[in-house]
Amino acid sequence: MIEIRNLQFQPLTFNLSGQGTLHLGPRERKSIARKELSAEIKTAGKRGLVRITDLTGGAEPEPGKPTATEDAGTDEAKTTSKRRK
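Residues numbered from 1 in each chain as written. Predicted model: local features only at pLDDT ≥ 70, side-chain atom pairs only at ≥ 80, totals over all residues. Heavy atoms only, no water.

Here's the deal with the overall build of the protein
Stage number 1. Check the secondary structure of the protein and you find 2 helices and 5 strands.
Stage number 2. Traced from its N-terminal end to its C-terminal end, the protein shows the element sequence β-β-β-β-α-β-α.
Stage number 3. Buried residues in the protein amount to 22% of all 85 residues.
Stage number 4. Sequence separation of at least 24 residues holds for 50% of the intrachain contacts in the protein that already meet a minimum separation of 6.
Stage number 5. Carbon and sulfur atoms provide 50% of the accessible area of the protein, an area that totals close to 6500 Å². (Helix = DSSP H or I, 4+ residues; strand = E, 2+ residues; numbered from the N terminus. Buried < 20%, exposed > 50% of the residue type's maximum accessible area, 1.4 Å probe, protein only. Contact = heavy atoms within 4.5 Å. Areas by Shrake-Rupley, 256 points an atom, 1.4 Å probe, with all protein chains shown as cover.)

Notes on the pattern of salt bridges
Stage number 1. This structure, assessed with the given rule, holds 1 salt bridge.
Stage number 2. Across the pair D54 and R34 runs a salt bridge whose closest N-O atoms are separated by 2.9 Å. Here R34 lies in the loop between β4 (29-32) and α1 (39-47) and D54 lies in strand β5 (residues 50-54), a separation of 20 residues in the sequence.
Stage number 3. Classification of D54 by relative accessible area gives buried; the value is 10%.
Stage number 4. On the basis of relative accessibility, which here comes to 43%, the residue R34 falls in the partly exposed class. (Salt bridge = Lys/Arg side-chain N within 4 Å of Asp/Glu carboxyl O.)

Description of the nonpolar core
The nonpolar side chains of soluble globular proteins are, as a tendency, buried together.
Stage number 1. The biggest cluster of nonpolar side chains holds 13 residues, and the ones touching the most others in it are I4, F14, L22, I32, I41 and V50.
Stage number 2. Looking at this core, the elements that each hand over two or more residues are β1 (2-6), β2 (12-15), β3 (21-24), α1 and β5.
Stage number 3. When neighbours within four sequence positions are excluded, I4 is seen to be in contact with L22, L24, E28, R29, K30, I32, L37, I41, V50 and R51. (Core = buried A, V, L, I, M, F, W, Y, C linked by side-chain atoms within 4.5 Å.)

Considering the side chain of D54
Stage number 1. Side chain to side chain, D54 and R34 meet in a polar contact 2.9 Å long.
Stage number 2. A distance of 2.7 Å separates a polar atom in the side chain of D54 from a polar atom in the side chain of T56. (Polar contact = N/O pair within 3.5 Å; in protein donor to acceptor, adjacent residues only side chain to side chain.)

A short note on the pairing of β2
Stage number 1. With burial as the criterion, only one face of β2 is covered, namely that bearing L12 and F14; the residues T13 and N15 on the opposite face remain uncovered.
Stage number 2. Bridging between β2 and β3 involves 4 bridges; their strand directions are antiparallel. Paired with T13 across the two strands is H23, which belongs to β3. (Pairing = 2+ DSSP bridges.)

Spatial relationships are all this shows, so hold off on functional conclusions.
Right, dumping it as structure tokens:
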């Protein structure tokens, strides 16, 4: 089983790999079978819209990536200019 959690404050709808759709309300969690996990849901997980968790105790389907705040902190340090006296 795979648990999908909506990380947004708005409802999301995804197509499943079989027939049907998955409706997630704001911050809602739902469990689906691993075979129902579609490419659309995996892409949403990579973009940070949903969190995908494997409930069977196996490895997560998608490895974690650095968060946007970590990347922004290094870019911001490069763009700041010195203050004139």
